[in-house]
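Next come the chains, spelled out residue by residue.
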Amino acid sequence: AHLAALVLARGGSKGIPLKNIKLLAGVPLIGWVLRAAADAGVFHSIWVSTDHDEIEKVAKQFGARVHRRSPEVSQDSSTSLEAIREFLNHHHEVDIVGNIQATSPCLHPSDLIKVADLIQKEGFDSVFSVVRRHQFRWSEVKKGENKMTEPQNLNPAKRYRRQDWPGELYENGSFYFAKRHLIEKGYLQGGKMAYYEMRAEHSVDIDIDIDWPIAEQRVLSFGYFGKEPLKEVKLLVCSIDGCLTNGRIYVTEDQKEMVSYDYRDIVGIDLLKKRGIQVRLISERDCSKTLSAMQLGCVAKVSATNKLQVLEDWQKDMGLSWKEVAYLGNEESDVECLKKAGMSGVPADACAVAQKAAGYICKSNGGCGAVREFAEHIFLLLEKVNAARKQ
């Protein structure tokens, strides 16, 4: 049976404009679930249903195929079921749809693998995600009503302790898997049904803008970052032109070159060094005089015709795994380095191919604080590594 992952990502949003591709911890929101779906390895195809060009572009960067939904199912009043049924009408090869919500950035491949087994091996017709909550419910008393509230799931005279009460299961909206015949009848849940209980820390749903900073911390703590475990970063290699500087070269009347840089980036480099992380610089042009004037005290390679070869030589000389190397680049010549490094980033104004290859896209432009921002991102991920060690 053809199992397809389907992420619904309409361009319109009442709360946050283009929420589905807004950067969350350096990754477009939709990218978190697409990465999890791809690494699960259980889907015959992975799709994004959208009506927006920018969302289509991001979806393809993460390896998904795109279904352009019609205006009829792209309205504020359109339901998920309507969009899924339209998708099935155009893709007759699909037998089972795994509808994954773009707003669930802490979804892990292990959850998707287990759900696929429930559908494909244990014969369930539909499976949906839930989370366990320990919350006491009371009946609502509307204004003007002359009555008292009543307990819904507890005895006030004998309140449970949390450890003595199993709690209740609530849909968390992360995913809904269903077979074609159910969806065609107008159901996402039906037939032989099962729920899949997700861990509470993985049940993150982006609803309103105020949740964004909180969600970023949750993702950094509990999100899925790739197949290989994170390791402590020991080397950051930074492209000089377009990352440490803004890429502009100023020429004086006596033909001397000048560049500008942001002091915040120098502070970022110093902070990295204090954390025991080596910082090395690389450039395709001969900018040795500029580096000498900046007095950064970093190992640098200029006139580098093959950046990847330089990076590989440094990695081997230092005896590091790729997971211990971070790379900040911005041009097409940086793409292979970005792909190799365990942690990769680009400034906000990096070229499109570099953005596609990077794991983190800075909010700052090159020469305007991008190095400091990427350093802060490294520190946050190091906290995640340390927390994992303690566990």
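Residues numbered from 1 in each chain as written. Predicted model: local features only at pLDDT ≥ 70, side-chain atom pairs only at ≥ 80, totals over all residues. Heavy atoms only, no water.

The protein chain has the name N-acylneuraminate cytidylyltransferase in an unreviewed UniProt entry, where Eudyptes sclateri is given as its organism. We quote the UniProt Catalytic activity (unreviewed entry) comment for the protein chain here in full: "an N-acylneuraminate + CTP = a CMP-N-acyl-beta-neuraminate + diphosphate". Its UniProt record gives the protein chain the following Sequence similarities (unreviewed entry) comment, quoted word for word: "Belongs to the CMP-NeuNAc synthase family." (UniProt positions renumbered as here; feature names shortened; annotations may be inferred.)

## Describing the sheet that holds strand S8 (residues 168-179)
Strand pairing in a sheet relies on backbone hydrogen bonds. The paired strands run either parallel or antiparallel. Taken together, the 7 strands give an open sheet; going across it, the order is S5-S4-S1-S6-S8-S7-S9, and neighbouring strands pair in mixed fashion. Each edge of the sheet is formed by a strand with only one pairing partner; in this case those strands are strand S5 (65-68) and strand S9 (193-198). In this sheet, adjacent strand axes meet at a mean angle of 30° when their direction is disregarded. Of the strand pairs in this sheet, strand S7 (residues 126-133) and S9 are connected by 6 bridges, and their pairing is parallel. Within S9, the residue paired with Val130 across the bridge is Glu197. The sheet contacts of helix H1 (residues 29-40) involve strand S1 (3-8), strand S4 (45-50) and strand S6 (96-100), and relative to S4 the element is tilted by about 160°. Together, S4 and S5 form the strand contacts of helix H2 (residues 53-61), whose direction differs from that of S5 by roughly 160°. (Pairing = 2+ DSSP bridges. Helix = DSSP H or I, 4+ residues; strand = E, 2+ residues; numbered from the N terminus. Axes fitted to C-alpha atoms, helices over the stretch in contact; angles between N-to-C directions. Contact = heavy atoms within 4.5 Å.)

## Quick look at the pattern of salt bridges
Counting across every chain of the model gives 19 salt bridges. Close ionic contact of Lys60 with Glu56 constitutes a salt bridge, the shortest N to O distance being 2.9 Å. Here the residue Lys60 and the residue Glu56 both occupy positions in helix H2, the gap between them amounting to 4 residues, near one helical turn. For Glu56, a relative accessible area of 18% translates into the label buried. Asp125 is paired through a salt bridge with Lys179; the nearest N and O atoms lie 3.8 Å apart. Of this pair, Asp125 sits in the loop between helix H4 (109-120) and S7 while Lys179 sits in strand S8, placing them 54 residues apart in sequence. What you see here is one network of salt bridges that share partners, running through Asp53, Glu56, Lys60 and Arg68. (Salt bridge = Lys/Arg side-chain N within 4 Å of Asp/Glu carboxyl O. Buried < 20%, exposed > 50% of the residue type's maximum accessible area, 1.4 Å probe, protein only.)

## Brief notes about H1
In terms of burial, H1 is largely enclosed, as 10 of its 12 residues are buried. Among the residues making up H1, those that are buried are Leu29, Ile30, Gly31, Trp32, Val33, Leu34, Arg35, Ala36, Ala37 and Ala40. A positive phi of about 70° marks Gly41, the residue just after H1.

## Description of the environment of Lys22
Summarising the element assignment, Lys22 is placed in the loop between S1 and strand S2 (23-24). Sequence-wise, Lys22 and Ile55 are 33 residues apart; in three dimensions their C-alpha atoms are separated by 9.9 Å.

## Some thoughts on the nonpolar core
If you look at the biggest cluster of nonpolar residues, it comprises 43 residues, and the most contacted ones within it are Leu244, Leu281, Phe374 and Ile378. The dominant element in this core, judged by the number of residues it contributes, is helix H13 (residues 370-390), at 8 residues. When neighbours within four sequence positions are excluded, Leu281 is seen to be in contact with Cys238, Ile240, Leu244, Leu291, Leu296, Cys298, Val299, Ala300, Lys301 and Trp314. Counting residues in each nonpolar core, the second largest holds 37 residues, with Ala5, Ile30, Val42 and Val127 among its members. (Core = buried A, V, L, I, M, F, W, Y, C linked by side-chain atoms within 4.5 Å.)

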